[in-house]
Amino acid sequence: MVCGLLEPDCGVVTIAGRRAEQELAVRNLVGYVPQDVALYPDLTARENLSFLGSLYQLRSKELAARVAEVLELTDLTERANDRVDSFSGGMKRCLNIGAGLLHHPKLLVLDEPTVGVDPQSRHAILERVQAFGREGMAVLYTTHYMEEAERVCDRVGIVDHGRLIAESTRKELVERLEERDRIELGASGDLERLARACREIPGVENAATTDTSVQVVASDSRRMLPLLLEAAENAGVTVNTVDVVEPDLEAVFLHLTGTALRD
Amino acid sequence: MRVLLIARASIRRVMRDRTALFFLLVLPVLVIIIVGATVRGFSTFRVGVVNADQGPAGREIVAALSRAPGIAVTTYTTVHQLTTGVALGELNTGVYVPKGLDAAQRSGAPVHVDVYAEQANSNQQAAATAVASVILERGSIVQAATFATAHGSGTYEANLLRAAQLQRQVPRVGFKVVQAQSKASVLPQGYSYSAPTELVLFVFLSALTAGAAIIETRRLSMYERMRAAPVRARTIIAGETMTYVAIALLQSVTIVLVGAVLFGVSWGNPLAAAALILIWSVVGAGAGMLAGTLFRTPEQASSVGPTVGLAFAMLGGCMWPLAIVSSTMRTVGHLVPQAWAVDAWTSLLARHGTILTISPQLGMLCAFAALFLVLATSRLRRLIS
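K.L.:
Hey, could you go over the sheet that holds strand β11 (residues 238-245) of chain A for me, with residue numbers and the actual values?
P.N.:
Where strands meet in a sheet, backbone hydrogen bonds hold them as pairs that are either parallel or antiparallel. Residue and element names in this part refer to chain A. With antiparallel pairing, the four strands of this open sheet are ordered in space as β9-β10-β8-β11. The open sheet terminates on both sides in strands that have one partner only, identified here as β9 (204-209) and β11. Along the sheet, successive strands turn relative to each other by an average axial angle of 20 degrees, direction set aside. Alignment of strand β8 (residues 180-188) against strand β10 (residues 213-219), held across seven bridges, turns out to be antiparallel. Note on β10: the bridge partner recorded for Asp 181 is Ala 218.

Encoded structure:
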């Protein structure tokens, strides 16, 4: 909706004081980076950037300068005239983000930019996103990785089944947990059964499974631990590790949605 | 302006794709050559000769046949080889020059040269007639020489030479066969047949296959990215349409130029031909874009597209003239645009048609183009919006 790709059911989108759905030119203020690498694989990096930049009505000299700037920013100057299909996954991701920056947008919309990216490239992308924020660019960053949201976002919105169920700063969201902790039981066996058993323990707020653990949100974790281990034994589940995690966005998400984010 | 930018990027991608270029430009030319050579008709008769005489008379008949325009002579050693060649259709006709022909001519005895052809085969009958005319011409010289030797002076050899010289000097009553084309319902044979029909076939078929590009662009989320820019959906659609029309025109112009320059194809009235090519390119563009919105994967477009294209080409008279099929099939054939395009080319090339005479066909093709484009653009708009 912010990028003009979907019609809002209700409400309005205002960007820099201008109504997005009323003015096509508002899109000049937004840089959109889709989740998929949206580049022509059979064109070179320079050709892709030139094409996408020209859609924002950048004229030849200005366009060439912006293309050079983005190539520099993404460390792809040396590969500017190589076809995109010859790039590594990380290089494609960087170029994909760079293409959204060509017209110097005021708002950058990043849709899960680190999906399928190796740790090194992921780190580099997050560094850049943080740098954009420092430079004064607004970044709307969607992710399933809570640690990424913790790292790069000033404000966090949690969307569950298409509805925004919370939106605030990280600090305020975590404070909603009050004295609650997140307890992570690394276990093997029938994890769903253990999660059900945990939910029946008084003081347990919520419990959900991931592939290898059961995540529990509960107050007074010291008192709770023996009860959780007992429940695991009764459920025939072997607990391999126990972590009591300080309140974080993962715990907030679990608390609000009742489901754990899977890797 | 952005329409041009979108079209330019898409065309640049096609120009980078060697496989696409092969199917767009090289394959049609190859098929034109093969089909054109296959349907050359009677311009060159393949004639087999067994010369059992080996004397001057026999050698002269073989030489006369070899000199004759439109006859390609191959020599054989036995009559069996000759008749087998004729029976299998490898030869249009066979000629047996009997032993003792030269001696018989000198003595004034009647002689026969056997010409083999199947009675029911019109090609072979035509070839036999052409061969017979050459032999009879040679026979008239022999007859004159024999007459002069018997009733005048000089040797047979000298009179034979003199008769041949005189025949070249004396004006003859000639004839030429003129093809009645004023109401022809089929294209001329040879490359004039293959080039226009392959143009019709390949522009449509290539466009259907190129529908994969739209699917690929969708899959790459490029439309999403374009729409996030200040670009309207109709601009993107116009850019895609321009791409498909440009590619179809490029392919058409290549086929026209190759046909005209390499194979001497006359494309008829230039204005009418240009209008037909342009409209057919728009028909192809519409069909290609529609394919891009109907198929789900590029692989589907690459496999189903050619099948549909070939089926339409068969129905529409690109593989064989619709004049030779039943009236029902002819009616069914005109449900596809190819039939109207081939009809228009037939009118231009076989009946010296003009833009006025092919206006009914152009009208039908415009209707097909409009139908395809309306369906394609409405579907594409829905897909990218």
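From this point, things continue past the structure.
K.L.:
Give a description of the packing of aromatic side chains that names residues and reports values.
P.N.:
Evaluation of the coordinates by the stated rule reveals seven aromatic pairs over all chains. Look at Phe 204 of chain B and Phe 312 of chain B: their rings are 5.8 Å apart centre to centre, the planes differ by 25 degrees, and that puts the pair in the stacked class. Separated by 108 residues along the polypeptide, Phe 204 of chain B in helix α8 (residues 191-219) and Phe 312 of chain B in helix α12 (residues 298-315) bring together distant segments of the chain. Take Phe 312 of chain B: its relative accessible area is 25%, and that puts it in the partly exposed class. Measuring from ring centre to ring centre gives 6.2 Å for Phe 368 of chain B and Phe 372 of chain B, while their planes differ by 40 degrees; the resulting arrangement is tilted. Here Phe 368 of chain B and its partner Phe 372 of chain B are both found in helix α15 (residues 359-384), four residues apart, which amounts to about one turn of the helix. You'll find Phe 368 of chain B and Phe 372 of chain B in the same group, each marked buried. Of the aromatic side chains, those joined through ring pairs into one cluster are Phe 204, Trp 280, Phe 312, Phe 368 and Phe 372 of chain B. Over the ring of Tyr 145 of chain A we find Arg 122 of chain A; its NZ or CZ atom is 4.4 Å from the centre of that ring.

K.L.:
Can you tell me about the nonpolar core, naming the residues and giving the values?
P.N.:
Formed by 91 residues in total, the largest nonpolar core has its most connected members in Phe 51 of chain A together with Met 226, Trp 280 and Trp 345 of chain B. Each residue touching Trp 280 of chain B, except ones within four places of it in the same chain, is listed here: Leu 199, Val 200, Val 203, Phe 204, Pro 337, Gln 338, Ala 341 and Leu 365 of chain B. With 29 residues, the next largest nonpolar core counts Val 117, Met 137, Ile 158 and Leu 177 of chain A among its residues.

K.L.:
Account for the interface of chain A and chain B, naming residues and giving values.
P.N.:
At the interface, 29 residues of chain A touch 22 residues of chain B. Counting every contact that joins chain A to chain B gives three salt bridges. Across the salt bridge formed by Glu 47 of chain A and Arg 16 of chain B, the nearest N and O atoms sit 2.4 Å from each other. Between chain A and chain B we count 13 residue pairs in polar contact (both at pLDDT 80 or more) in total.

K.L.:
Describe the pairing of strand β1 (residues 45-51) of chain B, with residues and values.
P.N.:
All names here are of chain B. For β1, the tally of buried residues reaches six of seven residues, placing the bulk of the element in the interior. Note: β1 against strand β2 (residues 71-76), six bridges, orientation parallel. Its bridge partner being in β2, Val 49 is matched across the sheet by Thr 75. A crossover connection joins β1 to the parallel β2 through helix α3 (residues 56-67); in handedness this β-α-β unit is right-handed.

K.L.:
Could you give me a rundown of the side chain of Arg 2 of chain B, with the residues and numbers involved?
P.N.:
For Arg 2 of chain B, the location among the structural elements is in helix α1 (residues 2-16). We note that Arg 2 of chain B is buried and unpaired, the nearest opposite charge coming from Glu 62 of chain A at a distance of 11 Å. Among the polar contacts listed, one links the side chain of Arg 2 of chain B to the backbone oxygen of Pro 230 of chain B, at a separation of 2.3 Å. Every residue in contact with Arg 2 of chain B, bar those within four places of it in the chain, is listed here: Leu 55, Tyr 56 and Gln 57 of chain A together with Pro 230, Val 231 and Thr 235 of chain B.

K.L.:
Mind laying out the domain arrangement of chain A, listing which residues take part and the relevant values?
P.N.:
With domains assigned, chain A is organised as domain 1 (14-142) and domain 2 (177-257). Taken over C-alpha atoms, the centre of domain 1 of chain A sits 41 Å from the centre of domain 2 of chain A.

K.L.:
Quick rundown of the side chain of Thr 210 of chain A? Include the residues and the values.
P.N.:
Its location among the elements puts Thr 210 of chain A in the loop between β9 and β10. One polar contact links Thr 210 of chain A to Ser 213 of chain A, side chain to side chain, over a distance of 2.7 Å.

K.L.:
Mind laying out unusual backbone geometry, listing which residues take part and the relevant values?
P.N.:
Residues and elements named next belong to chain A. A positive phi angle is found at Asp 75, which is not glycine, with a value near 60 degrees. By the element assignment, Asp 75 lies in the loop between α2 (60-73) and α3 (89-99). For His 104, which is not glycine, the phi dihedral falls at a positive 50 degrees. Mapped onto the elements of the fold, His 104 is located in the loop between α3 and β4 (107-111).

K.L.:
Lay out helix α1 (residues 45-55) of chain A with the relevant residues and their values.
P.N.:
Taken across its eleven residues, α1 of chain A has nine buried, putting it largely inside the fold. Buried residues of α1 of chain A: Ala 45, Glu 47, Asn 48, Leu 49, Phe 51, Leu 52, Gly 53, Ser 54 and Leu 55 of chain A, and no others. The inward-facing, buried residues of α1 of chain A abut α2 and α3 of chain A together with α1 and α9 (222-228) of chain B.

K.L.:
Lay out the pattern of salt bridges with the relevant residues and their values.
P.N.:
All names here are of chain A. Summed over all chains, the structure comprises 16 salt bridges over all chains. Between Arg 182 and Asp 248 there is a salt bridge; the shortest N-O distance is 2.8 Å. On the criterion of sequence distance, the pair formed by Arg 182 in strand β8 and Asp 248 in the loop between β11 and α9 (249-257) is long-range, its members being 66 residues apart. Accessibility expressed as a relative area gives 6% for Arg 182, which makes it buried.

K.L.:
An account of the environment of Arg 83 of chain A is needed here, citing residue identities and associated values.
P.N.:
Position of Arg 83 of chain A among the secondary structure elements: in the loop between α2 and α3. Setting aside chain neighbours within four positions, we find Arg 83 of chain A in contact with Pro 41, Asp 42, Leu 43 and Thr 44 of chain A together with Arg 16 of chain B. Of note is the side chain of Arg 83 of chain A, whose polar atom sits 2.9 Å from the side chain of Asp 85 of chain A.

What counts, and where the lines are drawn
- Residues numbered from 1 in each chain as written.
- Chains lettered and ligands numbered in written order.
- Predicted model: local features only at pLDDT ≥ 70, side-chain atom pairs only at ≥ 80, totals over all residues.
- Heavy atoms only, no water.
- Pairing = 2+ DSSP bridges.
- Helix = DSSP H or I, 4+ residues; strand = E, 2+ residues; numbered from the N terminus.
- Axes fitted to C-alpha atoms, helices over the stretch in contact; angles between N-to-C directions.
- Phe/Tyr/Trp six-rings, centres within 6.5 Å; stacked < 30°, edge-to-face > 60°.
- Buried < 20%, exposed > 50% of the residue type's maximum accessible area, 1.4 Å probe, protein only.
- Lys NZ or Arg CZ within 6 Å of the ring centre and 35° of its normal.
- Core = buried A, V, L, I, M, F, W, Y, C linked by side-chain atoms within 4.5 Å.
- Contact = heavy atoms within 4.5 Å.
- Salt bridge = Lys/Arg side-chain N within 4 Å of Asp/Glu carboxyl O.
- Polar contact = N/O pair within 3.5 Å; in protein donor to acceptor, adjacent residues only side chain to side chain.
- Right-handed = clockwise from strand over helix to strand, strands pointing away.
- Lys, Arg positive; Asp, Glu negative; His and termini not counted.
- Domains from an automatic or database assignment.

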